[in-house]
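In case you want the letters, here they are:
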Amino acid sequence: MLKKIWKVVAIAVLLALLLVFVPSPLNTYDAFAEIVTLPIDQTGGLKYDPANYTSDTHYEDPSITVDIYWGGRIYDTNYVYAVIKIANASQLRTAFAFNYSSPGDGKRVADMAKKMNGVFAINGDYYSHSWHTNGYMVRQGKVYRNRPNKTWDLLMVDQYGNFHGMVEPNKEKVEAFLAQAEAEGLQVVNSWNFGPIIIQDGERTREDFNTLKQNLNTDYIGTYKDAQRIAFCQLDELTYLCVTSEGPEDKDSEGLTMNEFYDCLREVESKLDGYKIQTAFNLDGGSSCTFAFNNQKINAPTNPKKRSVPDCIYFASAWKAEE
């Protein structure tokens, strides 16, 4: 009887030792950690664990997942897209390369992402370019410009992470929106002035995007040209899509006109698991188009240009371990 008791004790001790020394399975997390809300008026996200990049196409922690999808091709042009899901809206953030009034020559998006602890980042709207001096511009809750111009479609994001697009904005439209937003308890946290807004409320915004250079004198985006493109989209609450295509500087790609880029977005939409594009906003394209993942530019690998830009959009982790 005594031998049996000792045998049971020995097995129990062995099991206890196994629980202590056997490595934890992948993607188990600190029980004392929590998902926090990041301050609006400060830049940067929480430091993340590089081990959460479980592959070249996937990052995951309890506050954010990012999935990169390769292999798309339309109109003899390669494209790549990313789906991002976050736990709270504070994780969608913006950053300047230096500061608003002295942007210098900018920085590469990957370098800005590294500095800000960005899990995934894309280029912004190149707010500091010589032709880009108007618009209603808000970054991290601070208003920098209030000079809306119908030449630049406007995208605003509220404190809940929801997109609000405005086609051909002017001062009256913006003031009316802001008054309504205040009545509803909404705050504009970030905004971009570029465009066009390609999709709004799930629908195409214009019959022909390629003639915008004539209608709005917006030859700066060359909607009729074959070029690299990038779009920032909302799929659902706290769920986002970024799409970028290659261009003439890339091997084996022709580039897309804006009408063709619309078709590209719809093709991507058809590959999504039940999601529909609610809003799609065109950002500054050309060689500025950048996907930065794990602090590396991953799109357009054959493009020799490595352009610096003055601003970026990034997604940060909000998973904070107990100190």
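1. Considerations on the overall build of the protein
Reasoning step 1: For the protein, the count of helices and strands is 5 helices and 21 strands.
Reasoning step 2: When the 323 residues of the protein are sorted by exposure, 50% land in the buried category.
Reasoning step 3: Sequence separation of at least 24 residues holds for 72% of the intrachain contacts in the protein that already meet a minimum separation of 6.
Reasoning step 4: Surface exposure of the protein reaches about 15,600 Å², of which carbon and sulfur atoms provide 51%.

2. Digging into the pattern of salt bridges
Reasoning step 1: What the rule picks out here adds up to 6 salt bridges.
Reasoning step 2: Asp-153 is the salt-bridge partner of Arg-206, the closest N and O atoms lying 2.9 Å from each other. A residue pair is termed long-range when its members are at least 10 positions apart, and Arg-206 in the loop between β14 (203–204) and α4 (212–215) and Asp-153 in strand β10 (residues 153–158) qualify at 53 residues. The two residues Arg-206 and Asp-153 agree in class, both being buried.
Reasoning step 3: Here Glu-249 ties to Lys-305 by a salt bridge, and the two come within 3.8 Å at their closest N and O atoms. You can see Glu-249 sitting in the loop between β16 (239–245) and α5 (258–271) and its partner Lys-305 sitting in the loop between β19 (296–297) and β20 (311–316), a full 56 residues away along the chain.
Reasoning step 4: Residue class for Glu-249 comes out partly exposed when judged on its relative accessible area of 33%.
Reasoning step 5: Accessibility expressed as a relative area gives 39% for Lys-305, which makes it partly exposed.

3. Some thoughts on the sheet that holds strand β17 (residues 279–282)
Reasoning step 1: The sheet built from 9 strands is open, its strands ordered β2-β3-β4-β5-β16-β15-β17-β13-β14 with antiparallel pairing. Strands at the two margins of the open sheet, each flanked by one partner only, are β2 (53–55) and β14.
Reasoning step 2: In this structure, strand β15 (residues 229–236) lies alongside β17, joined through 4 bridges in antiparallel fashion. From the neighbouring strand, Cys-233 faces β17, where its bridge partner is Ala-280.

4. Section: the side chain of Thr-290
Reasoning step 1: Examined against the element boundaries, Thr-290 turns out to sit in the loop between β17 and β18 (291–293).
Reasoning step 2: Side-chain polar atoms of Thr-290 contact the backbone oxygen of Ser-288, separated by 2.9 Å.
Reasoning step 3: Leaving out residues up to four positions away in the same chain, Thr-290 has contacts with Val-109, Ala-121, Ile-122, Asn-123, Ile-230, Lys-297 and Asn-299.

5. Section: the side chain of Arg-93
Reasoning step 1: Residue position: Arg-93 is located in strand β6 (residues 92–96).
Reasoning step 2: There is a polar contact of 3.4 Å between the side chain of Arg-93 and the backbone oxygen of Gly-44.
Reasoning step 3: Discounting chain neighbours no more than four positions away, the residues touching Arg-93 are Leu-38, Pro-39, Ile-40, Gln-42, Thr-43, Gly-44, Gln-140, Cys-312, Ile-313, Tyr-314 and Ala-316.

6. Description of empty space enclosed by the protein
Reasoning step 1: Applying the stated rule across the entire model yields 2 cavities of 30 Å³ or more.
Reasoning step 2: Reported here for the second largest cavity is a volume of approximately 30 Å³.
Reasoning step 3: Lining the second largest cavity we find Gln-228, Thr-244, Ser-245, Glu-246, Gly-286, Cys-289, Asn-299 and Ala-300.
Reasoning step 4: Its residues assigned to classes, the lining of the second largest cavity comprises 2 nonpolar, 5 polar and 1 charged.

7. Details of the sheet that holds strand β12 (residues 188–194)
Reasoning step 1: If you walk across this open sheet you meet the 3 strands as β11-β10-β12, and the pairing is antiparallel. If you trace the sheet from one side to the other, it starts and ends with β11 (163–166) and β12, each paired once. The sheet shows a mean angle of 20° between the axes of neighbouring strands, direction not considered.
Reasoning step 2: In the packing of helix α3 (residues 171–183) onto the sheet, contacts are made with β10, β11 and β12, and the angle to β11 comes to roughly 155°.

8. Some details on the nonpolar core
Among soluble globular proteins, nonpolar side chains are generally buried collectively.
Reasoning step 1: Among the nonpolar cores identified, the biggest contains 36 residues, and Leu-92, Phe-120 and Phe-232 are the most heavily contacted of them.
Reasoning step 2: Per-element tally for this core: the top contributor is strand β5 (residues 77–86), with 4 residues.
Reasoning step 3: Every residue in contact with Phe-120, bar those within four places of it in the chain, is listed here: Val-66, Ile-68, Ala-82, Ile-84, Cys-242, Phe-291, Ala-292, Phe-293, Ile-313, Tyr-314 and Phe-315.
Reasoning step 4: Grouped together as the second largest cluster of nonpolar side chains are 23 residues, Val-83, Leu-212, Cys-264 and Ala-280 included.

9. Some words on helix α2 (residues 109–116)
Reasoning step 1: Within the span of α2, buried status applies to Val-109, Ala-110, Met-112, Ala-113 and Met-116. Relative to the axis of α2, the buried residues are bounded by an arc of 160° and lie together on one face. In α2, the exposed positions angled more than 90 degrees off the buried face are occupied by Lys-114 and Lys-115.
Reasoning step 2: For α2, the secondary structure elements touched by its buried residues are β6, β7 (118–123), β18, β19 and β20.

The rules behind each value
Residues numbered from 1 in each chain as written. Predicted model: local features only at pLDDT ≥ 70, side-chain atom pairs only at ≥ 80, totals over all residues. Heavy atoms only, no water. Helix = DSSP H or I, 4+ residues; strand = E, 2+ residues; numbered from the N terminus. Buried < 20%, exposed > 50% of the residue type's maximum accessible area, 1.4 Å probe, protein only. Contact = heavy atoms within 4.5 Å. Areas by Shrake-Rupley, 256 points an atom, 1.4 Å probe, with all protein chains shown as cover. Salt bridge = Lys/Arg side-chain N within 4 Å of Asp/Glu carboxyl O. Pairing = 2+ DSSP bridges. Polar contact = N/O pair within 3.5 Å; in protein donor to acceptor, adjacent residues only side chain to side chain. 1 Å grid on protein atoms, 1.4 Å probe; cavity = no way out; pocket = protein on both sides within 12 Å on 5 of 7 lines; lining within 4 Å. Points joined across faces, edges and corners; volume = space filled by probe spheres on them. Nonpolar A, V, L, I, M, F, W, Y, C, P; charged D, E, K, R; others polar. Axes fitted to C-alpha atoms, helices over the stretch in contact; angles between N-to-C directions. Core = buried A, V, L, I, M, F, W, Y, C linked by side-chain atoms within 4.5 Å. Arc of directions from axis to C-beta.

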